[in-house]
Amino acid sequence: MSVKTVHPAVSQGTSLRGKIAVPGDKSISHRALILGALSVGESTVHGLLEGADVLATAQALRAYGADIRRDADAVWRVNGVGVGGLMAPPDILDLGNSGTGVRLLLGLAAAHGITSIFTGDASLRQRPMERVITPLQQMGARFEASGGGRLPLTVIGTNRAAPIEYRLPVPSAQIKSAVLLAGLNAPGCTVVIEPRPSRDHTEHLLRHFGAEVTINSDDDGARRISLTGRPELRPQSVRVPGDPSSAAFPIMAALLVPGSEVTVTGVGLNPLRTALLDTLRDMGAQITERNRRQDQGEPIADLVVRAGPLRGIEVPSERAPAMIDEYPILAAAAAFASGPTIMRGIGELRVKESDRISAMANGLSALGVRVEELADGLIVHGHDGAAPARNGVCIDTEMDHRIAMSFLIYGLAAQGPVQVAGCEMIDTSFPGFIDLMTSLGAQMENAT
Ligand code: S3P
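Residues numbered from 1 in each chain as written. Predicted model: local features only at pLDDT ≥ 70, side-chain atom pairs only at ≥ 80, totals over all residues. Heavy atoms only, no water.

Peer 1: What am I meant to see in the site of the ligand here?
Peer 2: Contacts to the ligand come from Lys-26, Ser-27, Arg-31, Thr-100, Ser-172, Ala-173, Gln-174, Arg-199, Ile-324, Asp-325 and Lys-352. Contact between the ligand and Ser-172: an oxygen atom at 2.8 Å from a side-chain N or O atom of the residue. In the model, an oxygen atom of the ligand is placed 2.7 Å from a nitrogen or oxygen of the Lys-352 side chain. In isolation the ligand exposes 380 Å². Once the protein is present, 95% of that is buried. Those elements giving two or more residues to the shell around the ligand turn out to be helix 1 (26-37) and helix 5 (173-183). The leading source of residues in the shell around the ligand is helix 1, at three residues. Lining the shell around the ligand are residues from two domains, each supplying at least three of them: domain 1 (8-24 + 241-446) and domain 2 (26-228). (Near = heavy atom within 4 Å. Polar contact = N/O pair within 3.5 Å; in protein donor to acceptor, adjacent residues only side chain to side chain. Areas by Shrake-Rupley, 256 points an atom, 1.4 Å probe, with all protein chains shown as cover. Helix = DSSP H or I, 4+ residues; strand = E, 2+ residues; numbered from the N terminus. Domains from an automatic or database assignment.)

Here's what the structure looks like:
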């Protein structure tokens, strides 16, 4: 991706008003393309997220032999090669910033008798891949990774992958999905056991494309997901709902900027993604659902958000998997609450696009917020609506789209303007973010 450096400066403005839709769900978009590529015939995807992460996955799938095109009306058409039909990619696969893309594709590559080499940008090359290498090695793939199980890495896949039963050591939809996608080209039954449930879009979409997936509860309450291997996946039409993790940003802006009222339409409300809304309601937020409906197994609604005060709470740590990507924006909002907001059990945040615990702690304290950084958590002491901004501070987003957006939203409601460097990363998950926020009345401008 060619990078243009953008340094928007955000200044406190008038209330935000209007009705918007956010781009398609990132997790569902990756999976829709992948399963389309594993079906024989043409699948269509409506509402695909056209962000850099998903486009990198599309490019990699083309290298594996799938034909992927975008119509003039923004419908994506995927002509797949069938389970077991991937071709050896002619070149190194560069997944840019996308942890989901690389980990899911590693699952695919592991169970095909081909060799693939993966790399990514400086952020992705820091992220741990051991978590997917371990189960995929058990299935028979071989890996040559850089130090600490990182990218660039080579995977030598096998056409004779063994089905395994794998208990997830950390709640992670990416690890679960890598194993299930490898299991597609293994004979017999591949089982993933989740002690704590993570987003279940892979299970939903596998069924949608015709795979046999059963889900049971083990005696200890863990979720047992069983996939029958070597199905014939049939091409499908997929409609991608609005991404709740992207909706979190305009929702938070509407809550924090006094006098605002914003409607975000068509937001996916899969219960394994919506713990932020529960948390915000516990903090006193007014968020109303309208027009709740069900589409292809995913609940969707329009969310109406009105500005109002927030009170700090201790966020129950068992909610973490269902709001894992929302802690940066929650930490930013917590600076406006009354009292402390305590977030624990979020050690996984340290291995995201950046170390999100320290990125938020460093940025907030640079602006004048009192923050306590814990090994696996963060405590943010709120300023009762009047979160500070220090002149001359420029937030370093550490190549992390969600850190960039969190501080831009912070700046909309803070006591003074906030400058954020590295905003080009926003394009990985939320293309058009600045224009969309501006359409609601937000004042963001290019600082360079
Ligand atoms: C994702 C899973 C989560 C999340 C990421 C998207 C997915 O990561 O943070 O943004 O689409 O499977 P983990 O599975 O590593 O928790």
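So that's the structure; there's more coming.
Peer 1: Any chance you could explain the sheet that holds strand 5 (residues 76-81) here in plain terms?
Peer 2: Sheet strands pair via backbone hydrogen bonds, and the direction of the pair is either parallel or antiparallel. Spatially, four strands are ordered 4-5-3-14 in an open sheet, and the strand pairing comes out mixed. The two strands at the open ends of the sheet, each matched to only one other strand, are strand 4 (67-70) and strand 14 (237-239). With strand direction ignored, the average angle separating the axes of adjacent strands in the sheet is 15°. One ladder, built from four bridges, connects strand 4 with strand 5; its direction is antiparallel. Looking across to strand 5, one finds that Ile-68 is bridged to Val-78. (Pairing = 2+ DSSP bridges. Axes fitted to C-alpha atoms, helices over the stretch in contact; angles between N-to-C directions.)

Peer 1: Looking at this structure, how should I read the pairing of strand 13 (residues 223-228)?
Peer 2: Side-chain direction in a regular strand flips from residue to residue, so the side chains alternate between the two faces of the sheet. Here strand 11 (residues 189-194) pairs with strand 13 via six bridges, running antiparallel. The partner of Val-192 across the bridge, within strand 13, is Ile-225. The pairing of strand 12 (residues 213-217) with strand 13 spans five bridges and is classified as antiparallel. Counterpart to Ile-215 in the pairing with strand 13 is Ile-225. Where strand 12 folds back onto strand 13 in an antiparallel hairpin, the turn is made up of five residues, including Gly-221, whose phi is positive at roughly 90°.

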